[in-house]
Amino acid sequence: MTGSRVVALGHYQPAKVLTNHDLAAMVDTSDEWITSRVGIKTRHLGGPEEPVDELAAHAAAKALAAAGLQPSAIDLVLVATSTAIDRSPSMSARVAARLGMTSPAVMDINVVCSGFTHALATADHAVRAGAATRALVIGADKMGDIVDWTDRSSCVLMGDGAGAAVVVADSGPAARPGIGPVLWGSVPGMGDAVRIEGTPPRFAQEGQSVYRWATTQLPPIARKVCEKAGLTPEDLAAVVLHQANLRIIEPVARKIGAVNAVIARDVVDSGNTSAASIPMALSKLVERGEVATGAPALLFGFGGNLSYAGQVIRCP
């Protein structure tokens, strides 16, 4: 059976940087308060002239350039986002138009913080089924547009950005970079612990409930992801969790047992960028040379809907 692999990555963040000291001038908070609770130092914010599809298109263009592919070579575009305001055209259709693509299938996927790993699995399945040969998978969100900037418990968390991956069909040797089986699921009864509701939409969450669920329930699930890929946690070269909060990332990574892996901590510089966080963090690790080509990396998204999805990939 034809498999799939990630051949290139790209990421993009708006130029504007909001520091903890900037936030302290806006709400009752401080750098010490924010750092001690969530580990975030800075976040990037896009302006009204930078819509979600523009962020996504920048990241996608970078990934395509790294893959050496023209936009016309892509036959499937998947955009994971929860901050699209319009229902149609979709973000994926707008990205395809921005990049001058010819006739790709286009689809948006809204699973909030675990959107990218859901979208990556969907692309892998499409390739394996013969429905696509080259897919562009993007996570993009403008969380700054939906946060209440008067609420210090939530506004300190969020940032904007996009990350992209090019996925292609591969029937070559197993040693080549590939995408492992996905393990995904949710806790529907606790789905309202993370919400984006109302008009205009606003982000809210039950922070302590999410923290307890993530740090206690997710590590054994992440270990099962490794099992499905035929690896142990010790085999991993990198662990890229959803960049929600450093106080979640560090204990979850420790409980997974990936003692030889680089742990992505992009949340410190970028904040919580929802569906963008995993591809953006992975793209930066690869760009900096912190993980070798072909090395196994665990990608594991979690959060909104109390959903989760993870797979092990071989890095491009």
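On a predicted model such as this, the values are computed, not experimentally measured, just so you know. (Residues numbered from 1 in each chain as written. Predicted model: local features only at pLDDT ≥ 70, side-chain atom pairs only at ≥ 80, totals over all residues. Heavy atoms only, no water.)

Caption draft 1: How the structure looks around the overall build of the protein chain. Looking only at helices and strands, the protein chain has 10 helices and 14 strands in total. Relative to the 2.2 N^0.38 estimate, which gives 20 Å for 316 residues, the radius of gyration of the protein chain is 18 Å and therefore close to what a compact globule would have. Projecting the C-alpha coordinates of the protein chain onto the three principal axes gives extents of approximately 55 × 45 × 40 Å. Out of the 316 residues belonging to the protein chain, those deemed buried represent 59%. (Helix = DSSP H or I, 4+ residues; strand = E, 2+ residues; numbered from the N terminus. Rg over C-alpha atoms; globule rule 2.2 N^0.38 Å. Buried < 20%, exposed > 50% of the residue type's maximum accessible area, 1.4 Å probe, protein only.)

Caption draft 2: Molecular detail of the sheet that holds strand 11 (residues 238-241). The strand order across the open sheet formed by 5 strands is 8-14-13-11-12, and the pairing between neighbours is mixed. Edge strands, defined here as strands with exactly one partner in the open sheet, are strand 8 (183-186) and strand 12 (262-263). Direction of pairing for strand 8 relative to strand 14 (residues 307-314): antiparallel, over a ladder of 4 bridges. Residue pairing for strand 14: Gly185 is matched across the bridge by Tyr308. Packed onto the sheet, helix 10 (residues 277-287) meets strand 11, strand 12, strand 13 (296-303) and strand 14 and runs at close to 150 degrees relative to strand 11. (Pairing = 2+ DSSP bridges. Contact = heavy atoms within 4.5 Å. Axes fitted to C-alpha atoms, helices over the stretch in contact; angles between N-to-C directions.)

Caption draft 3: Local environment of the pattern of salt bridges. On inspection of all chains with the given rule, the structure shows 14 salt bridges. Between Arg98 and Glu54 there is a salt bridge, with the nearest N and O atoms lying 4.0 Å from each other. Of the two residues, Arg98 is situated in helix 4 (residues 91-98) and Glu54 in helix 3 (residues 52-67); the sequence distance between them amounts to 44 residues. For Arg98, a relative accessible area of 43% corresponds to the partly exposed category. Classification of Glu54 as buried rests on a relative accessible area of 19%. We note a salt bridge from Glu197 to Arg195, for which the minimum N-O separation is 3.9 Å. One salt-bridge network, held together by shared partners, links Asp53, Glu54 and Arg98. (Salt bridge = Lys/Arg side-chain N within 4 Å of Asp/Glu carboxyl O.)

Caption draft 4: Main features of the sheet that holds strand 1 (residues 3-12). Judged by pairing direction, the sheet is mixed, and its 5 strands sit side by side in the order 1-7-6-4-5 without closing on themselves. With partners counted over all chains shown, the strands left at the sheet margins are strand 1 and strand 5 (105-109), one partner each. Each strand of the sheet is rotated relative to its neighbour by a mean of 20 degrees, with strand direction disregarded. Note: strand 6 (residues 134-142) against strand 7 (residues 160-170), 9 bridges, orientation antiparallel. The partner of Ala140 across the bridge, within strand 7, is Ala162. The strands touched by helix 10 are strand 1, strand 6 and strand 7; relative to strand 1, the strand with the most contacts, the crossing angle is about 90 degrees.

Caption draft 5: The arrangement of helix 5 (residues 115-128) in detail. In a regular helix each residue adds 1.5 Å, so 14 residues correspond to 20 Å; helix 5 covers 20 Å between its end C-alpha atoms and thus fits that length. Here helix 5 lies mainly inside the structure; 11 of its 14 residues are buried. Every buried residue of helix 5 is accounted for by Gly115, Phe116, Thr117, His118, Ala119, Leu120, Ala121, Ala123, Asp124, Ala126 and Val127. Of the residues one or two after helix 5, Gly130 is the one with positive phi, at around 85 degrees. (Expected span 1.5 Å × (residues − 1).)

Caption draft 6: Local environment of the nonpolar core. Membership of the largest hydrophobic core comes to 47 residues, with the highest contact counts inside it found for Leu218, Leu236, Val239, Leu241, Leu298, Phe300 and Phe302. Those elements that provide at least two residues to this core are helix 2 (31-38), helix 7 (207-228), strand 11, helix 8 (246-256), strand 13 and strand 14. The dominant element in this core, judged by the number of residues it contributes, is helix 7, at 8 residues. Once residues within four sequence positions are removed from consideration, Phe302 is found in contact with Cys113, Ser114, Trp213, Ala214, Leu218, Leu241, His242, Ala244, Ile248, Ser307 and Tyr308. Grouped together as the second largest cluster of nonpolar side chains are 33 residues, Val127, Ala165, Ile179 and Ile278 included. (Core = buried A, V, L, I, M, F, W, Y, C linked by side-chain atoms within 4.5 Å.)

Caption draft 7: Inspection of the packing of aromatic side chains at higher detail. Under the defined criterion, the tally for this structure stands at 2 aromatic pairs. Ring centres of Phe300 and Phe302 lie 6.4 Å apart, and the angle between their planes is 40 degrees; on these two criteria the pair is classed as tilted. Note on Phe300 and Tyr308: the rings are 6.5 Å apart at their centroids and 20 degrees apart in plane angle, and the pair reads as stacked. Each member of the pair, Phe300 as well as Tyr308, carries the same accessibility label: buried. Among the aromatic residues, those joined into a cluster by ring pairs are Phe300, Phe302 and Tyr308. (Phe/Tyr/Trp six-rings, centres within 6.5 Å; stacked < 30°, edge-to-face > 60°.)

Caption draft 8: Layout of the packing of helix 7 against helix 8. Between helix 7 and helix 8, the shortest axis-to-axis distance is 9 Å and the interhelical angle comes to 35 degrees. Crossing of helix 7 against helix 8: the hand is right-handed. Residue-level inspection shows Tyr211, Ala214, Thr215, Pro219, Ala222 and Arg223 of helix 7 in contact with helix 8, the latter providing Arg247, Ile248, Pro251, Val252, Lys255 and Ile256. Considering only residue class, the contact of helix 7 with helix 8 consists of 8 nonpolar, 1 polar and 3 charged. (Left-handed = near helix turned anticlockwise from the far one by under 90°. Nonpolar A, V, L, I, M, F, W, Y, C, P; charged D, E, K, R; others polar.)

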